[in-house]
Amino acid sequence: MAESRTAWGWGLASIDAAGNTLDVWYPSLTLGTAPAEGHRPEHDFGALEHVEADARGVRRVPVFTVSSLDEPIVDAADAYLRLHLLSMRLAKPNTLNLDGIFGKLNNVVWTNYGPFAVEDFALRKLDVLKAASAAPYPAVDVNVLSVDKFPRMIDYVVPSGVRIGNADRIRLGAHLAEGTTVMHEGFVNFNAGTLGTSMVEGRISQGVVVGDGSDIGGAASIMGTLSGGGKLRNSIGKHSLLGANAGIGISLGDNCVVEAGLYVTAGTKVTIYDKAKVAAGQPLDVVKGKDLSGKDNIMFIRNSTTGAVEARTRKVGIELNAALHKN
């Protein structure tokens, strides 16, 4: 039996008054077997460590975490370690065991002052504002960014060579390869992302990966495992285009295009366009979308006369603007 993969590192955990872990930040992580307790490196959090609770009712405590990446998630610290691995590009989407992650993460009020517990947020907010007003600079109001189990990626990991228009739309655990541009309405979930240079103007759902040189058009959508896709993991290959307002519930191979506004699911009836059969007056083959899932060199369009969804051969892939993605 193969030995389970492991990763380890020091993290700084935020612990609320009830003893719940709100988040854990790992500045760096290491793949491989963790050193024995007497040989662990020292953490370098210094003054960031707070044994006593602050005005939020939150303590900041260093934690040494060892994660068995092929086993189910043990606790919140383990969950945050695996999310960091993905965003640090130390692991690709769908290569880690994320079983039970929702049950291990707490709902958190994410703010410009850091994480708060949900249960006593109103009172803690008042305490924070009182403490801030006593400081020798103007108090800044507590701005709530979201109430969620997952924080913004950028507050924990800033990957090199990417551009992100709206940090609120990238969850921790997203994997953004170098050369990726995520425009303001683009969204990337945890355990999902890009494997090369890509333009993201639409939504990349959980479990979905997008290959090098591909473009996810504005408001386009890829069905993931959290949006009705079950255990099916859809993907997009290299140099493919998912047009604006389009969507897929199947995978695209390399050099594929889905025209703007067209949604192709596993059950969509697709006519295979064959020029020779059309010339000979022969009937065209009709298949389901799932029969074309993952195949290369296909252009999916809707016949503007008949309304039928057609699959046509496409010999070359799209080319992204090289200057735009030279990050």
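Residues numbered from 1 in each chain as written. Predicted model: local features only at pLDDT ≥ 70, side-chain atom pairs only at ≥ 80, totals over all residues. Heavy atoms only, no water.

## Looking at the overall build of the chain
For step 1, the next point in the chain: When its secondary structure is counted, the chain shows four helices and 26 strands.
For step 2, the next point in the chain: With the principal axes as the frame, the chain shows a C-alpha extent of 80 × 55 × 35 Å.
For step 3, the next point in the chain: Every one of the 327 residues in the chain was classed for burial, and the buried ones make up 45%.
For step 4, the next point in the chain: Taking the intrachain contacts of the chain between residues at least 6 apart in sequence as the baseline, contacts between residues at least 24 apart amount to 48%.
For step 5, the next point in the chain: By element, 52% of the accessible surface of the chain is carried by carbon and sulfur atoms, the whole surface being about 15800 Å².
For step 6, the next point in the chain: Distance between charge centroids for the chain: 8 Å, based on 32 positive and 34 negative side chains. (Helix = DSSP H or I, 4+ residues; strand = E, 2+ residues; numbered from the N terminus. Buried < 20%, exposed > 50% of the residue type's maximum accessible area, 1.4 Å probe, protein only. Contact = heavy atoms within 4.5 Å. Areas by Shrake-Rupley, 256 points an atom, 1.4 Å probe, with all protein chains shown as cover. Lys, Arg positive; Asp, Glu negative; His and termini not counted. Charge placed at Lys NZ, Arg CZ, Asp CG, Glu CD.)

## Thoughts on the pattern of salt bridges
For step 1, the next point in the chain: One pass over the full model with this rule turns up ten salt bridges.
For step 2, the next point in the chain: Linking R171 and D148 is a salt bridge whose minimum nitrogen-to-oxygen distance equals 2.9 Å. Remark: D148 occurs in strand β7 (residues 144-148) and R171 occurs in the loop between β8 (163-164) and β9 (174-175); sequence separation between them is 23 residues. (Salt bridge = Lys/Arg side-chain N within 4 Å of Asp/Glu carboxyl O.)

## Side note on the domain arrangement of the chain
For step 1, the next point in the chain: Segmenting the chain into domains produces domain 1 (6-148) and domain 2 (153-324).
For step 2, the next point in the chain: Each of domain 1 and domain 2 has a C-alpha centre, and the two are 33 Å apart.
For step 3, the next point in the chain: Each partner contributes residues to the interface: domain 1 has 19 residues there, and domain 2 has 23 residues.
For step 4, the next point in the chain: Between domain 1 and domain 2, the buried area comes to about 1700 Å², and carbon and sulfur atoms account for 59% of it.
For step 5, the next point in the chain: Among the residues of domain 1 in contact with domain 2, S87, R89 and N94 are the three that bury the most area, contributing 38% of the side total.
For step 6, the next point in the chain: Run the count over domain 1 and domain 2 and you get ten residue pairs in polar contact (both at pLDDT 80 or more).
For step 7, the next point in the chain: Contributions of two or more residues to the side of domain 1 that touches domain 2 are made by β2 (21-25), α1 (76-87) and α2 (101-104). (Domains from an automatic or database assignment. Buried area = accessible area lost by both parts, 1.4 Å probe. Polar contact = N/O pair within 3.5 Å; in protein donor to acceptor, adjacent residues only side chain to side chain.)

## Quick word on the sheet that holds strand β21 (residues 257-258)
For step 1, the next point in the chain: Strand order in this open sheet of ten strands is β8-β10-β13-β16-β19-β21-β25-β26-β23-β24, and the pairing throughout is mixed. One side of each edge strand has no neighbouring strand; the edge strands of this open sheet are β8 and β24 (286-288). (Pairing = 2+ DSSP bridges.)

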